[in-house]
Amino acid sequence: MKYYGSVAEYILPYLKDRPCSMLRMPNGITGEGLFQKNNEHLPEWVPSTDIFSASNNANLRWIVGGELNTLLYMVQLGCVEINPWNSRIGYLDKPDWIVIDLDPEGVGFTDVIEVALTVKEVCDEWSVPCYPKTSGKTGIHIYIPMQAKYTYEQGKNLAHLIALEVNRRQPKRTSVERMPEKRKRKIYMDFLQNREGQTLAAPYSVRPTPDATVSMPLHWDEITPKLRPTDFTIKNTAQRLKRVGDLWKPALAKGINLAAILNKIKT
């Protein structure tokens, strides 16, 4: 509670008007957790929205983030991790950003760093702005601003193209195979996080780890072999934010020009 209150001004802009799922762990991180999207019994003052779920064949009631009281309400429910949609309730079908989720399967973090730098290399060559953050666990999330100009399908397809190119350059380290048994000891480049309704840990969100790690936005020059997943925790985040400010603002800034990028890829 104290941590989320202290970073509210930084995290709330990335929750504003977004349906949020909660990882609730009322018995602590060693207890059984509950990943909750549907909230049938909410106080009237908690913002919410009903969204049809094809898999449930029913509307689900999502909490909508953006207000301090709402954030603290979720924390009071035992929510450790805040997971917003990539889009907002005004245009749910068009994400503000897409993400390349580097999810390692039995490999070290130094390999994750190498792959992240290859993603940056590809994005630079294709004139695609991209912004990294630690996942707070073992991976790295790399975000690309879309500014709600394109559909989820268009965003997912771009993420897929980037993943395929990185896989071509790093075939021994990476995989785009969805089935875990087909990508053992590799880094899964999860471009499927860019489907409508998918959620991922917000920047500055806590993760349920023994060190209370935080998903922390980074400068690209911080992604070196010295970087560790446990470098950023609830104990040092406030000090870092005072020093570097909110590095995540560009993720909500001017979006890409998809047509120009595709033309560049073709040439």
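Starting afresh in each chain, residues are numbered from 1 along the sequence in its written order. Restriction of local features to residues with pLDDT of at least 70 applies here, the model being predicted, together with a cutoff of 80 or more for giving and counting side-chain atom pairs; totals for whole chains, interfaces and linings are based on all residues. Side-chain numbers come from the whole structure's heavy atoms, not from hydrogens or water.

Observations concerning the side chain of K133
(1) Moving on: Strands are runs of DSSP state E lasting at least 2 residues, helices are runs of H or I lasting at least 4, and numbering of each runs from the N terminus. By the secondary structure assignment, K133 is in strand β7 (residues 131–134).
(2) Moving on: Within the buried core, K133 has no salt-bridge partner, and the shortest N-O distance to an opposite charge, that of D101, equals 8.1 Å.
(3) Moving on: At 2.9 Å, the side chain of K133 and the backbone oxygen of A201 are in polar contact.
(4) Moving on: When residues no more than four places from it in sequence are discounted, the contact partners of K133 are I140, H141, Y143, A201, A202, P203, S215, M216, P217, L218 and W248. Throughout this description, buried means an accessible area under 20% of the type-specific maximum (1.4 Å probe, protein chains only), exposed means over 50%, and partly exposed covers the range between. Neither His nor the chain termini are counted; the positive set is Lys and Arg, and the negative set is Asp and Glu. Salt bridges are defined as contacts in which a side-chain nitrogen from Lys or Arg sits within 4 Å of a carboxyl oxygen from Asp or Glu. We define a polar contact as two N or O atoms separated by no more than 3.5 Å, with the added condition that, inside protein, one atom must be a possible hydrogen donor and the other a possible acceptor, whereas residues neighbouring each other in sequence contribute only through side-chain atom pairs. Throughout, a residue-residue contact means that at least one pair of heavy atoms, one from each residue, lies within 4.5 Å.

Re the layout of surface pockets
(1) Moving on: Cavities and pockets were defined on a 1 Å grid built from protein atoms only: a cavity is a group of points that admits a 1.4 Å probe but offers it no way out, a pocket is an open group of points flanked by protein on both sides within 12 Å along at least five of seven lines, and a lining residue is one with an atom within 4 Å of any such point. Grid points are joined across faces, edges and corners, and a volume is the space filled by probe spheres set on the points. Roughly 310 Å³ of internal volume is contained in the largest pocket.
(2) Moving on: Taken together, 21 residues make up the lining of the largest pocket; nearest its centre are D101, K137, H141, L200 and R207.
(3) Moving on: Contributions of two or more residues to the lining of the largest pocket are made by β5 (79–84), β6 (97–105) and β10 (186–190).
(4) Moving on: At four residues, the largest contribution of residues to the lining of the largest pocket is made by β6.
(5) Moving on: Basically, the charged four are Asp, Glu, Lys and Arg, the nonpolar ten are Ala, Val, Leu, Ile, Met, Phe, Trp, Tyr, Cys and Pro, and anything else, Gly included, counts as polar. Class assignment of the residues belonging to the lining of the largest pocket gives a composition of eight nonpolar, seven polar and six charged.
(6) Moving on: The calculated volume of the second largest pocket comes to roughly 230 Å³.
(7) Moving on: Along the walls of the second largest pocket sit 13 residues, with K37, S53, W62, E196 and G197 positioned nearest its centre.
(8) Moving on: If you list the elements that add at least two residues to the lining of the second largest pocket, you get β3 (48–53) and β4 (58–64).
(9) Moving on: Residue contributions to the lining of the second largest pocket peak at three residues, all from β3.
(10) Moving on: Partitioned by chemical class, the residues of the lining of the second largest pocket number six nonpolar, five polar and two charged.

As for the side chain of N194
(1) Moving on: With respect to the secondary-structure elements, N194 resides in the loop between β10 and α6 (237–244).
(2) Moving on: N194 gets classed as buried once you look at its relative accessible area, which sits at 0%.
(3) Moving on: Polar contacts involving the side chain of N194 include one to the main-chain amide nitrogen of V99, which spans 2.7 Å.
(4) Moving on: Within the structure, the side chain of N194 is placed 2.8 Å from the backbone oxygen of F191, a separation counted as a polar contact.
(5) Moving on: Ignoring anything within four residues of it in the chain, the contact list for N194 reads N86, I98, V99, Y152, K156 and A159.

Focus: the sheet that holds strand β9 (residues 174–175)
(1) Moving on: Pairs of strands are assigned from DSSP output, requiring at least two bridges between the strands. Across the sheet, five strands lie side by side as β7-β8-β6-β10-β9; this open sheet has mixed pairing. Lying at the two open borders of the sheet, with one neighbouring strand each, are β7 and β9.
(2) Moving on: Taken together, the two bridges between β9 and β10 define a ladder with parallel strand orientation. Across the sheet, residue T174 finds its bridge partner in β10, namely I187.
(3) Moving on: Only the stretch in contact is used when fitting a helix axis, every axis being a line fitted to C-alpha atoms; angles between N-to-C directions are given from 0 to 180 degrees. The strands touched by helix α4 (residues 109–125) within the sheet are β6, β8 (140–145), β9 and β10, with β8 carrying the most contacts at an inclination of about 15°.

Some remarks on the nonpolar core
(1) Moving on: In these notes, a set of buried Ala, Val, Leu, Ile, Met, Phe, Trp, Tyr and Cys residues joined through side-chain atoms within 4.5 Å is what counts as a nonpolar core. Core analysis: the largest hydrophobic core is formed by 71 residues, its most contacted members being Y4, L102, I142, I144, I162, Y204 and I256.
(2) Moving on: Element by element, the count of residues in this core is highest for α4, at eight residues.
(3) Moving on: Contacts of I256, omitting those with residues within four sequence positions, involve V128, P129, I144, P145, M146, K149, Y150, L158 and I261.
(4) Moving on: If you look at the next biggest cluster of nonpolar residues, it comprises six residues, including I51, W62, W85 and Y152.

Here we look at the pattern of salt bridges
(1) Moving on: For the structure shown, the criterion picks out 13 salt bridges.
(2) Moving on: Note that R88 and D96 form a salt bridge whose closest N and O atoms lie 3.2 Å from each other.
(3) Moving on: Among the residues examined, R88 registers a relative accessible area of 17% and is labelled buried.
(4) Moving on: Classification of D96 as buried rests on a relative accessible area of 5%.

Some words on α4
(1) Moving on: Over its 17 residues, α4 runs 25 Å from end to end, which matches the ideal 24 Å to within 8%, given 1.5 Å per residue.
(2) Moving on: Listing the buried residues of α4 in full gives F109, V112, I113, V115, A116, T118, V119, V122 and C123.
(3) Moving on: Looking at the buried positions of α4, the neighbouring elements they touch are β6, β8, α5 (152–169), β9 and β10.
(4) Moving on: S127 sits one or two residues past α4 and shows a positive phi near 60°. Expected helix span is taken as 1.5 Å per residue step, with the number of steps being one fewer than the number of residues.

This is a description of form; function is not addressed.
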